[in-house]
Amino acid sequence: MDICRKVVKNNDGYKSNYNGINGVRELEQIYMERALELAKKGIGYTSPNPLVGAVIVKDGRIIGEGYHEVYGGPHAEINAFNNANESVAGATMYVTLEPCSHYGKTPPCSKAIVEKGIGKVVIGMIDPNPLVAGNGIKILEDNHIEVVTGVLEEELKKLNEIFIKYITTKKPFCILKTAMTLDGKIATKTGDSMWISNELSRKYVHKIRHQVSGIMVGIGTVLKDDPSLTTRLEDIEGKDPIRIIVDTECKLPLDSKVLNLKSKAKTIIATTEKAADDNVKAVQEKGGEVIVTPLKDGQVDLNYLMDALGQQGIDSVLIEGGATLNYSAVSSGVVDKVLSFIGPKIFGGVDAKTPVAGDGIALVRDAVLLKDICVSSFGDDILIEGYL
């Protein structure tokens, strides 16, 4: 799949001092590419922490490498030190994210780098976390360690786009996923929709489910399809996202799969004052968690809901709703990214639903626009990926 690039500007005052690709700079990019590949191994396991990889190089040889494997576990730099096959004194460390400078679940990595006698640190991107944001670099430089920043910066910001949004706003990074036909339909006029996208596309979506913290659908989708909203992967044991059901009147059937799964992930029902107390109590007795939001246009207030989810440490949400929820998500401004799969099929029909319903816009000039577009293919399907 093609890499879609997204530029996120630093707000910490630090500028990249990476001066392009030639000689030493070319080697720095090669080693940082390796660190980036290591970082990807943590996808789905580090939330709400970032994805980080580290490589230690001495005399032109990689002598140690590691990545942030799981939330609460050692950081990439520490794992690289633990995996080193010889002394790291005087070596160069390549790390995708600025080493931390504060005590959290683990001690600061910048301090460990100093203590280990590393001579140079090449950093992919500055940490947007206000607790770090340049402080890690300052510790290194104060201890006479050479620091280079900005190597593969755009690629690494793309990799950690979820972390960047969450750590700076405490709101989830929201991905709106749709699957439609060439003529823009998400189902036939009878409501049949199995399947618009092909198996390759669906497997990719399950990888996204493994990556995010939560998956959101509307009550209409549950009533129609009774989905499990779990992650099903062949090569690894997928992590189920937290299931979030937008249900204005809390009419979720108690026998729905989302309330009767053997899953480590919980189910949240987002509802409003329209919900009957007995319905709320019944859902809670089935193990569902209920969040009551204010009414907005007679429905769940999605902005309020995103704040509430962020307070629970939910850093990302994949919206796989129907046309009504999709419109509410886009119009309320909670969507950061769109994944639109297009299958080579034509349904036709005035009554066949489209991906986004609602009132719609009156003028073309007022259309919601995407930027940083990437187009890729999964067999016969096309995926258009972009950012609002």
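If you're wondering where the values come from, they're calculated on a predicted model, not measured in any experiment. (Residues numbered from 1 in each chain as written. Predicted model: local features only at pLDDT ≥ 70, side-chain atom pairs only at ≥ 80, totals over all residues. Heavy atoms only, no water.)

**Section: the sheet that holds strand 3 (residues 92-97)**
Condition: DSSP bridges decide pairing: two strands pair if at least two such bridges lie between them. Here a helix means four or more residues in a row that DSSP labels H or I, a strand means two or more in a row labelled E, and each is numbered from the N terminus. To get an axis, fit a line to the C-alpha atoms, keeping to the stretch in contact for a helix; angles then go from 0 to 180 degrees between the N-to-C directions.
If you walk across this open sheet you meet the five strands as 2-1-3-4-5, and the pairing is mixed. With one partner strand each, in any of the chains shown, strand 2 (61-67) and strand 5 (146-149) form the two edges of the open sheet. Across the sheet, the mean angle separating the axes of adjacent strands is 15° when strand polarity is ignored. Across six bridges, strand 1 (residues 53-58) lies against strand 2 in antiparallel orientation. Its bridge partner lying in strand 2, Val57 is registered against Ile62.

**Some details on the domain arrangement of the protein**
Size of an interface: often given as the accessible area lost when the parts come together. Using the following cut-off: Each domain span listed reflects an automatic or database assignment of domains. Residues count as neighbours in contact if any of their non-hydrogen atoms are within 4.5 Å of one another. Put simply, buried area is how much 1.4 Å-probe accessible surface two parts lose in total, over both of them, once they are put together. Any carboxyl oxygen of Asp or Glu that lies within 4 Å of a side-chain nitrogen of Lys or Arg is treated as forming a salt bridge with it. The classification used treats Ala, Val, Leu, Ile, Met, Phe, Trp, Tyr, Cys and Pro as nonpolar, Asp, Glu, Lys and Arg as charged, and all other residues, Gly among them, as polar.
The assigned domain composition of the protein is domain 1 (19-159) and domain 2 (170-387). Between domain 1 and domain 2, the C-alpha centre-to-centre distance is 35 Å. Listed as interface residues are six residues of domain 1 and, on the opposing side, eleven residues of domain 2. In terms of surface lost to domain 2, no three residues of domain 1 exceed Gly44, Tyr45 and Lys158, which account for 55% of the buried area on that side. Counting across the interface, domain 1 meets domain 2 through one salt bridge. Lys158 is the partner of Glu385 in a salt bridge, and the nearest nitrogen-oxygen pair spans 2.9 Å. Looking at the side of domain 1 that touches domain 2, its residues break down into three nonpolar, two polar and one charged.

**A closer look at the pattern of salt bridges**
Selection criterion: Accessibility here uses a 1.4 Å probe with only protein chains present; expressed as a share of the type maximum, an area under 20% marks a residue as buried, one over 50% as exposed, and anything in between as partly exposed.
If you walk through the whole model with that rule in mind, you get 20 salt bridges. In this structure, Lys120 engages Glu146 in a salt bridge whose closest nitrogen and oxygen atoms are separated by 4.0 Å. Taken together, the residues span a long stretch of sequence, with Lys120 in strand 4 (residues 120-125) and Glu146 in strand 5 at a distance of 26 residues. According to the relative accessible area criterion, Lys120 is buried, its value standing at 14%. Judged by relative accessible area, Glu146 falls into the partly exposed class, the value being 45%. Asp336 is paired through a salt bridge with Lys165; the nearest N and O atoms lie 2.8 Å apart. Placement of Asp336 in the loop between helix 11 (323-331) and strand 14 (337-343) and of Lys165 in helix 6 (residues 161-169) is noted, with a sequence separation of 171 residues between them. Both residues of the pair, Asp336 and Lys165, belong to the buried class. One connected set of salt bridges, linked through shared partners, spans Lys158, Glu161, Lys337 and Glu385.

**Observations concerning the pairing of strand 13 (residues 316-319)**
Covered by surrounding structure in strand 13 are Ser316 and Leu318 together with Val317 and Ile319, the residues of both alternating faces. The pairing of strand 6 (residues 173-181) with strand 13 spans four bridges and is classified as parallel. Bridged to Ile175 within strand 13 is Leu318. In this structure, strand 7 (residues 214-218) lies alongside strand 13, joined through three bridges in parallel fashion.

**Observations regarding the packing of aromatic side chains**
Applied cut-off: The pairing test for Phe, Tyr and Trp rings, Trp by its six-membered ring, is centres within 6.5 Å, and the orientation test on the planes gives stacked under 30 degrees, edge-to-face over 60, and tilted for anything in between. In this analysis the charged atom, NZ for Lys or CZ for Arg, is taken to sit over a ring once it is within 6 Å of the ring centre and within 35 degrees of the ring normal.
Tallying each qualifying case throughout the model produces four aromatic pairs. Pairing Tyr204 with Phe341 gives two aromatic rings, centres 6.4 Å apart and planes at 65°, and the pair type is edge-to-face. Here Tyr204 is found in helix 7 (residues 199-211), whereas its partner Phe341 is found in strand 14, with 137 residues between them in sequence. The class for Tyr204 is buried, based on a relative accessible area of 17%. Relative to Phe378, the ring of Phe341 lies with its centre 6.0 Å away and its plane at 55°, an arrangement referred to as tilted. Pair noted here: Phe341 is in strand 14 and Phe378 is in strand 15 (residues 371-378), with a separation of 37 residues, a long-range link. Residue classification places Phe341 among the buried positions, given a relative accessible area of 1%. Each member of the aromatic cluster is reached from another via a ring pair, and the members are Tyr204, Phe341 and Phe378. The ring of Phe81 carries Lys116 above its face, with NZ or CZ at 5.7 Å from the centroid. Taking NZ or CZ as reference, Arg202 lies 4.4 Å from the ring centre of Trp195, over its face.

**Quick look at the nonpolar core**
Worth spelling out the cut-off: Among the buried residues, those of types Ala, Val, Leu, Ile, Met, Phe, Trp, Tyr and Cys that are joined through side-chain atoms within 4.5 Å form a nonpolar core.
One finds Met32, Ile56, Phe81, Met93, Ile113, Ile118 and Val121 to be the most contacted residues of the largest nonpolar core, which totals 41 residues. By residue number, the principal contributor to this core is helix 1 (residues 24-40), which donates six residues. Leave out the neighbours within four places in its chain, and Ile113 touches Glu77, Phe81, Met93, Pro99, Ile118, Val121, Leu140 and Ile145. Counting 24 residues, the second-largest nonpolar core is a separate cluster that includes Val300, Leu305, Ala308 and Val338.

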